[in-house]
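Given next are the chains, with one letter for each unit.
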Amino acid sequence: MGVTPDQRTRRRVLRTVGATVAIGGLGVGSSAAQNGQEGEDGQEGQNGDGVDSPYTATYRDTIGSVVLVTVSGPRGRGGLGSGFVIDDQHVVTNNHVVQSAAEGGVELQFSNEEWRTASIVGTDPYSDLAVLRVEELPDVASGLSIVDREPVIGQEVLVLGNPLGLDASISQGIVSGVDRVLPSPAGFSIPAAIQTDASVNPGNSGGPLVNLEGEVFGIVFAGADQTIGFAISPRLANRVIPALIEDGTYEHPFMGVAVQPVGPDIADTIGLEEATGVLVTEVVPNAPADGVLQPAVPTQPGSGDVIVAIDGEEIQNQSQLLSYLALETSPGDTIELTVVRDGERGSVEVMLETRPEPRLPRTPIPGTPGERPPTGP
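All of these numbers come straight from a predicted model, not from anything done at the bench. Counting restarts for each chain, with residues numbered from 1 along the sequence as it is written. The model is predicted, so local features are restricted to residues of pLDDT at least 70 and side-chain atom pairs to those at 80 or more, both for listing and for counting; the totals for chains, interfaces and linings are taken over all residues. The basis for every side-chain value is the complete set of non-hydrogen atoms in the structure, without hydrogens or water.

**A few points about the environment of Val 292**
Comment: elements are numbered from the N terminus, with helices defined as DSSP H or I runs of at least four residues and strands as E runs of at least two. Locating Val 292 in the fold gives a position in the loop between strand E15 (278–283) and strand E16 (306–310). Separated by 56 residues in sequence, Val 292 and Val 348 place their C-alpha atoms 7.0 Å apart. With residues up to four places along the chain from it excluded, the contact list for Val 292 reads Asp 305, Arg 341, Val 348, Glu 349 and Val 350. We call two residues in contact when some of their heavy atoms are within 4.5 Å.

Structure, rendered in structure tokens:
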């Protein structure tokens, strides 16, 4: 497809913006490309020998729904990222991509070079998700479907977005792990994250992680380097996104504890046959768990409660605890915790509340996960 002078000008502008804005977390990108899409002459993109690969087919079927997100904020600050269309007027991206946007400061570019101004419908710093509204989508865009199941380790996946200031790109890999826990910009943790070895770079934030059928298996939000990336779980996304569209916010359940894994020493101290469960190390004052759970004394690790099950489901580590609370419970629910206290197994009930407003600065997620340790549920 030929490039008009106007398109060349826009691409030069975007390349300049991409080179000058501050790169925060993964919130940078560039304009969308036409490579692999149907051209003006009606011919579809093919690989070098004229035969479509499965990656080419998936790219061609989905890239029209993947957008460049450009953000302008106060005092000239801005950023770039990715997003994707989910229905006839809504686009999903990361909260950290749009959190600094001024009013009217979010614009989207589609793969056919058309631009749209977007409004922010809702944001959630805890899951790092945001929903945008576009009044009239280009014909090239259609909604991508977010599955309601977890991917399988080893499953082939693709990352679509705008990495390193380059036009809309595709990278290929597999699901390397599931149920990962990563820090969120709000100071809590994002549970049940999907790990992939598909290349993820600054600019991919907010873009989709898809299977070869073009179904969304996660929303990219972080990368440690070019060989490891992370995406928000589709099950978590399917809980948060409808609430953002309906109410503009999402209420996360809150128990009010900090925990750590139980190692062999603690297991021996409290009489557990196996090193399993999580030790309560802190209870937030006036939180639901206050007065119900006992935290460990710093000099006596075996003195606190060890949570070994929730509602009868075994909890082996912090990831399982966070995932259960995030995916299976809501504020107002009463959960039954099986705990080991002073060597004795028993049960207590906790009524969950709504997670409080973030008290930490809403900064982008670090490019390298682990720069800030995950906090408790």
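Once the structure has been displayed, the description carries forward.
**Section: the packing of aromatic side chains**
Only the six-membered ring of Trp is used, alongside the rings of Phe and Tyr, when aromatic pairs are assigned; centres must lie within 6.5 Å, and planes under 30 degrees apart are stacked while those over 60 apart are edge-to-face, with the rest tilted. Considering all chains together, one arrives at two aromatic pairs under this definition. Ring geometry for Tyr 126 against Phe 188: centres 5.3 Å apart, planes inclined by 90°, an arrangement best described as edge-to-face. Linking Tyr 126 in the loop between strand E5 (115–124) and strand E6 (129–133) with Phe 188 in the loop between strand E8 (169–183) and strand E9 (189–196), this pair joins segments that are 62 residues apart in sequence. Only protein chains enter the accessibility calculation, which uses a 1.4 Å probe. A residue is then buried if its area is under 20% of the maximum for its type, exposed if over 50%, and partly exposed in between. By relative accessible area, Tyr 126 is classed as buried at 6%. On the basis of an interplanar angle of 70° and a centroid distance of 6.2 Å, the ring pair of Phe 188 and Phe 254 is categorised as edge-to-face. One end of the pair, Phe 188, is in the loop between E8 and E9; the other, Phe 254, is in strand E13 (residues 253–254), and 66 residues separate them in sequence. On the accessibility criterion, Phe 254 (8% relative accessible area) is buried. Counting as a charge over the ring demands two things of the Lys NZ or Arg CZ atom: a distance within 6 Å of the ring centre and an angle within 35 degrees of the ring normal. Here the basic side chain of Arg 355 rests over the ring of Tyr 126, its NZ or CZ set 4.7 Å away from the ring centre.

**Regarding the side chain of Ser 319**
By the element assignment, Ser 319 lies in helix H6 (residues 318–328). Note on Ser 319: relative accessible area 18%, which makes it buried. When neighbours within four sequence positions are excluded, Ser 319 is seen to be in contact with Asp 179 and Val 181.

**Re the packing of helix H4 (residues 234–247) against H6**
Direction vectors running N to C along H4 and H6 enclose 35°, while the axes themselves pass 9 Å from each other. Judged by the twist between their axes, the crossing of H4 over H6 is left-handed. Judged by residue contacts, Arg 235, Leu 236 and Arg 239 of H4 engage Ala 326, Leu 327 and Glu 328 from H6. Classification convention: Asp, Glu, Lys, Arg as charged; Ala, Val, Leu, Ile, Met, Phe, Trp, Tyr, Cys, Pro as nonpolar; all other residues, Gly among them, as polar. Its residues assigned to classes, the contact of H4 with H6 shows three nonpolar, no polar and three charged. Orientation is described by axes fitted as lines to C-alpha atoms, over the contacting stretch for helices, and by angles from 0 to 180 degrees between their N-to-C directions. Crossing handedness is defined as follows: a turn of the near helix away from the far one that is anticlockwise and smaller than a right angle gives a left-handed crossing, while the clockwise case is right-handed.

**Remarks on the confidence of the model for the chain**
Low pLDDT marks stretches whose predicted atomic positions should not be read closely. When pLDDT is averaged along the chain, the result is 83; 80% of the residues meet or exceed 70. pLDDT runs from 0 to 100 and stands for how confident the predictor is about each residue. Note that pLDDT drops below 50 for residues 360–375; the model gives that stretch 41 contacts with residues more than four away or on any other chain.

**A short note on helix H2 (residues 54–62)**
Among all positions in H2, only Thr 56, Thr 58, Tyr 59, Arg 60 and Thr 62 are buried. For H2, the elements touching its buried residues are strand E1 (66–72), strand E7 (156–161), E8 and strand E10 (208–210).

**Some details on the pattern of salt bridges**
When a carboxyl oxygen of Asp or Glu is within 4 Å of a side-chain nitrogen of Lys or Arg, the pair counts as a salt bridge. The full count for this structure, using the stated rule, is four salt bridges. With a shortest N-O distance of 2.9 Å, Glu 114 and Arg 116 are connected by a salt bridge. Look at Glu 114 and you get partly exposed, because its relative accessible area is 29%. Arg 341 is paired through a salt bridge with Asp 305; the nearest N and O atoms lie 2.7 Å apart. Taken together, the positions of Arg 341 in strand E18 (residues 334–341) and Asp 305 in the loop between E15 and E16 put the pair 36 residues apart, joining distant regions of the chain. According to the relative accessible area criterion, Arg 341 is partly exposed, its value standing at 25%. Residue classification places Asp 305 among the buried positions, given a relative accessible area of 0%.

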